Amino acid sequence: MSINAPERLRRFYSMFRGDDRVLVVINADPDAIGAALCVKRLLWRKVASVDICSINTVKRPDNVAMVNKLCGCLLKSAEIHTGDYSRFVLVDSQPGHNEAYKKYPFDVIIDHHPIAVVYNGYVDIRPEYGATSTMLTEYLRAAKIRPSQKLATALFLGIKTDTHDFQRKAYNEDIKAFHFLSRHISLSLIQQIEYSEIHPGFLKYFQQAFNSRVIRRGKVFIHLGHVGTPDVCVLVADFFLKVQGVNWTFVSGIFGKKLVVIIRNSGLRFNAGKLAEQAFSQFGSAGGHKTMARAELSLSSVECVINSENDRKVLKWIMERVDGVGTGFSKNERKP
Ligand SMILES: [Mn+2]
């Protein structure tokens, strides 16, 4: 039997006592940050203290800006002594998703990913939601709390990010929460955060992308050589997809001991995940969604066929792999 928002809120509150020291654990991204801040607000004045810690280091510049402007203090999971806390909350994730969660005996789990196993404590997992921030917004409304500008902005960004601006799975509930939050957000904060997408140090990769790009029949191929983070491949791939007439982007870089290939398409009738799998899975992990995919190939397996230090050869090899599979329907090849 499905339960309503006030009943969920009641069960959530029943997990806590006035002297509890609560730790909210996240794998920090906008949705997790929004959800964690909302848990903190829900528990304000109801427990002794609430801290938020993350198992990952936030690196994406826009996410760093979000933490700095909205989050206050984000602790590092590695430095947490579990003995300092009496209650543990996990949002936007599940204990099996990461080794780093093992040290926590979670009392509360609120998430929107597919449910893997049965957990103890208060568990609210709704895979039919586009974002955990949507779920927490429902708690907030059930508690009749008017969100501060910062909290509303964080939840709003959480929903916006996880639904890809409502281009990917979003539901009525997400739209309802988004609409509610939009009355309380700060547009200027959102702009400041979203316009921090590119780290100044990334510009050299864009320069290289402009110099080395190959554009063929609606497809852009770029190899960036060694990169400080695969995130730059994502940024470059997204950027070139905005060029008129471009249907596909393939942007690769060497990160650590891996060749990472980021694949994007304009989403007509393409399937990036399938293409990634067919072209690259024999060299490592490869897959994704219809419009976005990623391959992570171990350099050792790639080096059997190509010298990974030769940028031009790597680019040519990727083009050949993609051509070998074919991208299926594309604008230029379309028959009337
Ligand atoms: Mn999420």
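All residue numbers refer to position in the chain's written sequence, counted from 1. pLDDT decides what is reported in this predicted model: residues at 70 or higher carry local features, side-chain atom pairs at 80 or more are listed and counted, and totals for whole chains, interfaces and linings draw on all residues regardless. Processing note: side-chain calculations cover all non-hydrogen atoms of the structure and skip hydrogens and water entirely.

### Considerations on the sheet that holds strand 9 (residues 248-255)
Here is step 1: Two strands pair under a simple rule: DSSP has to find at least two bridges between them. Numbering goes from the N terminus for both helices and strands, where a helix is a DSSP run of H or I of at least four residues and a strand is a run of E of at least two. Read across the open sheet, the six strands follow the order 7-8-9-10-12-11; overall the sheet is mixed. Looking along the sheet, the strands with just one partner apiece sit at the ends: strand 7 (214-216) and strand 11 (284-288). Looking at each pair of strands side by side, their axes are set apart by 10° on average, direction ignored.
Here is step 2: As paired strands, strand 7 and strand 8 (residues 219-226) are joined by three bridges and run antiparallel to one another. Counted as the bridge partner of I215 is V220 from strand 8. Axis definition: a line fitted to C-alpha atoms, over the contacting stretch in the case of helices. Angles run 0 to 180 degrees between N-to-C directions.

### Concerning the side chain of D31
Here is step 1: In this structure, D31 sits in helix 2 (residues 30-42).
Here is step 2: Here a residue-residue contact requires only that any non-hydrogen atoms of the pair lie within 4.5 Å. Excluding its chain neighbours within four sequence positions, the residues that come into contact with D31 are D92, H112, A131, T132, S133, G158 and D162.

### Structural notes on the domain arrangement of the protein
Here is step 1: Residue ranges labeled as domains rest on an automatic or database domain assignment. The domains assigned to the protein are domain 1 (5-194) and domain 2 (202-333).
Here is step 2: Contact residues are listed per partner, giving four residues for domain 1 and four residues for domain 2.
Here is step 3: Summed over both partners, the accessible area (1.4 Å probe) lost when two parts come together is defined as the buried area. Regarding the contact of domain 1 and domain 2, the summed buried area is about 320 Å², with carbon and sulfur atoms giving 69% of it.
Here is step 4: The largest per-residue losses of area from domain 1 upon contact with domain 2 belong to R60, P61 and R168, which jointly make up 75% of the total buried on that side.
Here is step 5: In what follows, salt bridge is the name for a side-chain nitrogen of Lys or Arg lying within 4 Å of a carboxyl oxygen of Asp or Glu. Counting across the domain 1 and domain 2 interface gives zero salt bridges.
Here is step 6: Pairing of N or O atoms within 3.5 Å defines a polar contact, subject to two protein rules: one partner must be a possible hydrogen donor and the other a possible acceptor, and residues neighboring in sequence count only if both atoms are side-chain atoms. For the interface between domain 1 and domain 2, the tally reads zero residue pairs in polar contact (both at pLDDT 80 or more).
Here is step 7: The class makeup of the residues in the side of domain 1 that touches domain 2 is one nonpolar, one polar and two charged. Residues are grouped as follows: Ala, Val, Leu, Ile, Met, Phe, Trp, Tyr, Cys and Pro are nonpolar; Asp, Glu, Lys and Arg are charged; every other residue, Gly included, is polar.

### A short note on the packing of aromatic side chains
Here is step 1: Two rings from Phe, Tyr or Trp (for Trp, the six-membered ring) form a pair when their centres sit within 6.5 Å of each other. Planes less than 30 degrees apart are called stacked, planes more than 60 degrees apart edge-to-face, and all others tilted. Per the stated rule, a full pass over the model turns up 19 aromatic pairs.
Here is step 2: Residues F156 and F178 carry aromatic rings whose centres are separated by 4.1 Å and whose planes lie at 15° to one another, so their mutual orientation is stacked. Of this pair, F156 sits in helix 5 (residues 149-162) while F178 is found in helix 6 (residues 172-182), placing the two residues 22 residues apart along the sequence.
Here is step 3: Relative accessible area decides the class of each residue, using a 1.4 Å probe on protein chains only: under 20% of the type maximum gives buried, over 50% gives exposed, and in between gives partly exposed. By relative accessible area, F178 is classed as buried at 17%.
Here is step 4: Over the face of the ring belonging to W44 we find R45, whose NZ or CZ atom lies 4.4 Å from the ring centre.
Here is step 5: Throughout this description, the term charge over a ring refers to an Arg CZ or Lys NZ atom that lies within 6 Å of the ring centre and within 35 degrees of the ring normal. A cation over a ring is seen here: K46 above Y13, with NZ or CZ 5.0 Å from the ring centre.

### Describing the side chain of R264
Here is step 1: As for its position among the elements, R264 is in strand 10 (residues 258-265).
Here is step 2: We classify R264 as buried; its relative accessible area is 10%.
Here is step 3: Reaching out from R264, the side chain makes a polar contact with the side chain of D238 at a distance of 3.0 Å.
Here is step 4: Excluding its chain neighbours within four sequence positions, the residues that come into contact with R264 are V234, A237, D238, L241, N247, W248, T249, T291, M292 and A293.

### Here's the deal with the coordination of the manganese ion
Here is step 1: Ligating atoms shown are N, O and S within 2.8 Å of the metal, or 3.2 Å for Na, K and Ca, and water is not included, meaning a site may look less than complete. Around the manganese ion, the protein contributes the donor atoms D31 (OD), D92 (OD), H112 (NE2) and D162 (OD), which lie 2.0 to 2.3 Å from the metal centre.
Here is step 2: Using a relative accessible area of 0% as the deciding quantity, one classes D31 as buried.

### Here we look at the packing of helix 2 against helix 5
Here is step 1: Two elements in contact, helix 2 and helix 5, have axes whose closest approach is 7 Å; the angle formed by their N-to-C orientations is 145°. Where helix 2 crosses over helix 5, the handedness of that crossing is left-handed. Between helix 2, through P30, D31, G34, A35, L37, C38 and R41, and helix 5, the contact on the second element is made entirely by L151, A154, L155, L157, G158, T161 and D162.
Here is step 2: Of the residues contributing to the contact of helix 2 with helix 5, the split by class is eight nonpolar, three polar and three charged. Crossing handedness is read from the near helix: turned anticlockwise from the far helix by less than a right angle, it gives a left-handed crossing, and turned clockwise, a right-handed one.

### Section: the nonpolar core
Here is step 1: Here the nonpolar core consists of buried residues drawn from Ala, Val, Leu, Ile, Met, Phe, Trp, Tyr and Cys, with membership extended through side-chain atoms lying within 4.5 Å. Residues F12 and L42 are the most contacted members of the largest nonpolar core, which totals 54 residues.
Here is step 2: A per-element tally of this core places helix 2 first, with eight residues.
Here is step 3: Leave out the neighbours within four places in its chain, and L42 touches L9, F12, Y13, L136, Y139, L140, A143 and I145.
Here is step 4: Counting residues in hydrophobic clusters, the runner-up holds 27 residues, among them I263, F280, I306 and W317.

### Details of the packing of helix 2 against helix 3 (residues 61-71)
Here is step 1: In contact at an axis separation of 10 Å, helix 2 and helix 3 are set at 10° when each is read in the N-to-C sense. By the angle class used here, helix 2 and helix 3 are roughly parallel. The two elements helix 2 and helix 3 meet at a crossing, and its hand is right-handed. Contact residues: P30, I33, G34 and L37 in helix 2; N63, M66, V67, L70 and C71 in helix 3.
Here is step 2: When its residues are assigned to classes, the contact of helix 2 with helix 3 shows seven nonpolar, two polar and no charged. What sets the label is the angle itself: under 35 degrees gives roughly parallel, over 145 gives roughly antiparallel, 65 to 115 gives roughly perpendicular, and the rest give oblique.

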